[in-house]
Amino acid sequence: MLEVIDNTIEYICSELEIKVRPKYWNSMSDEDLMFELVLSILGSQVDFETAYYAARKLRIKNLLNNPTELFSKNEYEYFIRKSLSEPISHESFNHTLKYRFYISKANYISVSIWNIFNKWGNLKRMLNVGYDAKELRKKLIEIVKGFGPKQSSHFLRNIGYTNDFAVLDRHIIDYMRLRGVIKNNKIHISNLSTYETFEKLFIDSVKHFEHSLSILDQAIWIVMRVYKKDRFS
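In this report, the structure presented in the accompanying data block is examined.

1. A few points about the side chain of His 211
Logical step 1: Note that His 211 resides in the loop between helix 11 (192-205) and helix 12 (213-232).
Logical step 2: In this structure His 211 comes out as buried when scored by relative accessible area, which is 17%.
Logical step 3: At 2.8 Å, the side chain of His 211 forms a polar contact with the side chain of Glu 10.

Set out below in structure tokens:
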């Protein structure tokens, strides 16, 4: 089974390298960067589809463009909470989505954006400081409310700041178990030091693929999601 999964991962990697257009943070607008930051905040404990369309809704309502100039912090949190509490519908899916954690995530978004804007002026200026990728990941964990190592890595990868981080979600962890890299049924990645330990284990275990991490763990995420769905259906 592992050989079949690895062959499928290799195929998906090749497809992604053709189809996925890489992003470069220094050529992105601050609103684009804000979208990716908010998506990473909203994506914690929520499926990607719901988080993506929730973030998209905030963007359509112009809540990701110069918020500190348009609102007070309390006003901004209110409008974020109101938008996230509303059902999400879109022509690309035939059901209505509802974002569950709209109260806490509205607070996370408003606090985080005010932290960034009060210190650097906007998100792009923060990125332009020139932090080393590991230093910036740590900095984001400190100032972005609700950000852990996974969310911080996800954001920096999505904007093309680095390709050297792994996004260790449950599908990646399950793949590591399948390869025998992780023996325990339950693991707790509670801090950055532990995350970096498992990140190194993952990177060492997938060197045979010879693809960038940004492509590779997307492919593993896709394959393991389908594999587990078929296995338990």
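2. Details of the packing of helix 2 (residues 30-42) against helix 3 (residues 48-60)
Logical step 1: For the pair helix 2 and helix 3, the least separation of the axes is 9 Å and the interaxial angle reads 140 degrees. With respect to each other, helix 2 and helix 3 are oriented oblique. In this structure, helix 2 meets helix 3 at a crossing whose hand is right-handed. For the pair helix 2 and helix 3, the contacting residues are Glu 31, Asp 32, Phe 35, Val 38, Leu 39 and Leu 42 in the first and Phe 48, Ala 51, Tyr 52, Ala 54, Ala 55, Arg 56, Leu 58 and Arg 59 in the second.
Logical step 2: Of the residues contributing to the contact of helix 2 with helix 3, the split by class is 10 nonpolar, no polar and 4 charged.

3. What about the pattern of salt bridges?
Logical step 1: With the rule as written, the count across this model stands at 14 salt bridges.
Logical step 2: The shortest N-O distance in the salt bridge between Glu 86 and Lys 57 comes to 3.1 Å. Linking Glu 86 in the loop between helix 5 (73-85) and helix 6 (102-120) with Lys 57 in helix 3, this pair joins segments that are 29 residues apart in sequence.
Logical step 3: Here Glu 86 falls in the partly exposed class, since its relative accessible area comes to 23%.
Logical step 4: Residue classification places Lys 57 among the buried positions, given a relative accessible area of 15%.
Logical step 5: Note that Arg 177 is salt-bridged to Asp 174, the shortest N-O span being 2.8 Å. Here Asp 174 and Arg 177 lie together in helix 10 (residues 170-178), a separation of 3 residues that amounts to about one turn.
Logical step 6: On the basis of relative accessibility, which here comes to 23%, the residue Arg 177 falls in the partly exposed class.
Logical step 7: A cluster of three or more residues bridged by salt bridges with shared partners is formed by Lys 57, Lys 61, Lys 82 and Glu 86.

4. Considering helix 11
Logical step 1: Taking 1.5 Å per residue, 14 residues should reach 20 Å; helix 11 reaches 20 Å between its end C-alpha atoms and fits that length.
Logical step 2: Restricting attention to buried positions, one finds in helix 11 the residues Leu 192, Tyr 195, Phe 198, Glu 199, Phe 202 and Ser 205. The buried residues of helix 11 occupy one face: seen down the axis, they fall within an arc of 145 degrees. The exposed residues of helix 11 that point more than 90 degrees off its buried face are Ser 193 and Lys 200.

5. As for unusual backbone geometry
Trans is the common state for peptide bonds, and a negative phi is the common state for residues other than glycine.
Logical step 1: Despite not being glycine, Gln 45 has its phi angle at roughly 65 degrees, a positive value.
Logical step 2: In this fold, Gln 45 is placed in the loop between helix 2 and helix 3.
Logical step 3: Phi angles above zero are rare outside glycine, and Asn 62 is one such case at about 60 degrees.
Logical step 4: Here Asn 62 is to be found in the loop between helix 3 and helix 4 (67-70).
Logical step 5: What makes Asn 62 partly exposed here is its relative accessible area of 36%.

Reading the values: the criteria
Residues numbered from 1 in each chain as written. Predicted model: local features only at pLDDT ≥ 70, side-chain atom pairs only at ≥ 80, totals over all residues. Heavy atoms only, no water. Helix = DSSP H or I, 4+ residues; strand = E, 2+ residues; numbered from the N terminus. Buried < 20%, exposed > 50% of the residue type's maximum accessible area, 1.4 Å probe, protein only. Polar contact = N/O pair within 3.5 Å; in protein donor to acceptor, adjacent residues only side chain to side chain. Axes fitted to C-alpha atoms, helices over the stretch in contact; angles between N-to-C directions. Parallel < 35°, antiparallel > 145°, perpendicular 65-115°, else oblique. Left-handed = near helix turned anticlockwise from the far one by under 90°. Contact = heavy atoms within 4.5 Å. Nonpolar A, V, L, I, M, F, W, Y, C, P; charged D, E, K, R; others polar. Salt bridge = Lys/Arg side-chain N within 4 Å of Asp/Glu carboxyl O. Expected span 1.5 Å × (residues − 1). Arc of directions from axis to C-beta.

Don't take any of this as a statement about function, it's just geometry.
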